[in-house]
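Here are the chains, one letter per residue:
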Amino acid sequence: MADDKDVLRDVWFGRIPTSFTLYQDEITEREADPYYLLLPRVSYLTLVTDKVKKHFQKVMKQEDMGEMWLEYEGTSLKWHYPIGLLFDLHASNTALPWNITVHFQNFPEKDLLHCTSNYVIEAHFMSCIKEADVLKHKGQVINEMQKKDHKQLWMGLQNDKFDQFWAINRKLMEYSVEEGGFRYIPFRIYQTTSDRPFIQKLFRPVTAEGQTHTLGDLLKEMFSAAVTPNDGEKKYQVVIHGIEPVLETPLQWLSEHLSYPDNFLHISVIPMPTD
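Calculation notes
- Residue numbers restart at each chain and count upward from 1, following the sequence in its written direction.
- Per-residue local features of the predicted model are confined to residues with pLDDT of at least 70, and side-chain atom pairs are confined, for both listing and counting, to 80 or more; whole-chain, interface and lining totals are unaffected and use all residues.
- Calculated side-chain values reflect all of the structure's heavy atoms, with hydrogen atoms and water omitted.
- Following DSSP output, two strands are said to pair if at least two bridges run between them.
- Counting from the N terminus, the helices are DSSP H or I runs at least four residues long and the strands are E runs at least two residues long.
- Angles shown run from 0 to 180 degrees and are taken between the N-to-C directions of axes, each axis being a line fitted to C-alpha atoms and, for helices, limited to the stretch in contact.
- Note on contacts: a residue pair qualifies if any of its non-hydrogen atoms lie within 4.5 Å across the two residues.
- Burial here depends on accessible area, computed with a 1.4 Å probe over protein chains only, as a share of the maximum for the residue type. Under 20% is buried, over 50% is exposed, and the range in between is partly exposed.
- To obtain the arc, one takes the directions from the helix axis to the C-beta atoms.
- Any carboxyl oxygen of Asp or Glu that lies within 4 Å of a side-chain nitrogen of Lys or Arg is treated as forming a salt bridge with it.

A. View of the sheet that holds strand β6 (residues 187-191). One open sheet accounts for 3 strands, arranged β6-β8-β7; its pairing is mixed. Each edge of the open sheet is held by one strand with a lone partner, namely β6 and β7 (236-239). Averaged over all pairs of adjacent strands, the angle between strand axes in this sheet comes to 20°, irrespective of strand direction. The strands touched by helix α4 (residues 83-91) are β6, β7 and β8 (265-271); relative to β8, the strand with the most contacts, the crossing angle is about 10°.

This is the structure:
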């Protein structure tokens, strides 16, 4: 892959200042102060919120504590989506800190998956990486790795170790010069205004004639309303890792540098703020 290591580091070390407040109807023995954290964009909520749980445990009885779940302005936050994606999708035009509400009762079974341990997160994460590699290399790279390499990817994410993670992940980003890129780009496009969880289809980084596909090309084919016509008004923001990449950016470069650790490009398409 093209080695823009500074970009990879900036993506990895992106943080979101967050305030966690206990839901007002939770039963407590005394008032619970908010808890503040800098959340890593590339991680998962259930992987980095143990301290939040312990903080609120101090003011609650054990019998009043079910499985912790998190909500922002009435939306249950899916732990299996990366944190940065959740923020971009639901809160990117709000003032910081991100105000998340903490619940221990009335788990929303219809909206959220249960997450009983880190093994559940690891299984989901590795499943995504394997799916991405099937798209990129027919699964050959991930299948040729040893079990300890798979573990190193997971431990690198879990322990926030950039070098440990990328020592293995760089192999998943390689391709031959003849190929000119991956077979297909692993991507998902999300909208808050759709009942569909996300758009995911096969899309190559280059055309049959060898022309480079851009982010704009992808959007035109998958969600054309996100591309502003030359004489039209901009209706949507297209956000990856909190930024709006120019639509002329090559898709292959984006896949190598702005994918989340699960090797997917998670693209949020959000309506322009009205105020």
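Text resumes after the structure shown.
B. Helix α1 (residues 5-12), seen in detail. Inspection of α1 places L8, V11 and W12 among the buried residues, and these make up the whole buried set. What you see down the axis of α1 is that its buried residues fit within an arc of 95°, all on one side. Across from the buried face of α1, at angles greater than 90 degrees, the exposed residues are D6 and D10. Close packing links the buried residues of α1 with β1 (15-22), α7 (147-158), α8 (162-172) and α10 (251-257).

C. Region of interest: the sheet that holds strand β5 (residues 98-103). The strand order across the open sheet built from 5 strands is β2-β1-β5-β3-β4, with neighbouring strands paired in mixed fashion. The open sheet is flanked by β2 (35-40) and β4 (75-76), the only strands paired with a single partner. Sheet topology places β1 next to β2; 6 bridges connect them, and they run antiparallel. In the sheet register, T18 faces β2, and the bridge partner there is L37. Along the sheet, helix α3 (residues 50-57) contacts β1, β2 and β5; its crossing angle with β2, the most-contacted strand, is approximately 170°.

D. Structural view of the environment of L157. Along the chain, L157 falls in helix α7. Between the C-alpha atom of L157 and that of V42, which follows or precedes it by 115 residues, the distance is 8.1 Å. Not counting residues within four places of it along the chain, the set of residues in contact with L157 comprises W12, V42, S43, Y44, L47, F125, F165 and P261.

E. Region of the structure containing the pattern of salt bridges. Following the criterion strictly, the structure yields 8 salt bridges and no others. Between E131 and R188 there is a salt bridge, with its nearest N and O atoms 3.1 Å apart. Of this pair, E131 sits in helix α5 (residues 118-137) while R188 is found in strand β6, placing the two residues 57 residues apart along the sequence. A relative accessible area of 31% means that E131 is categorised as partly exposed. Residue classification places R188 among the buried positions, given a relative accessible area of 9%.

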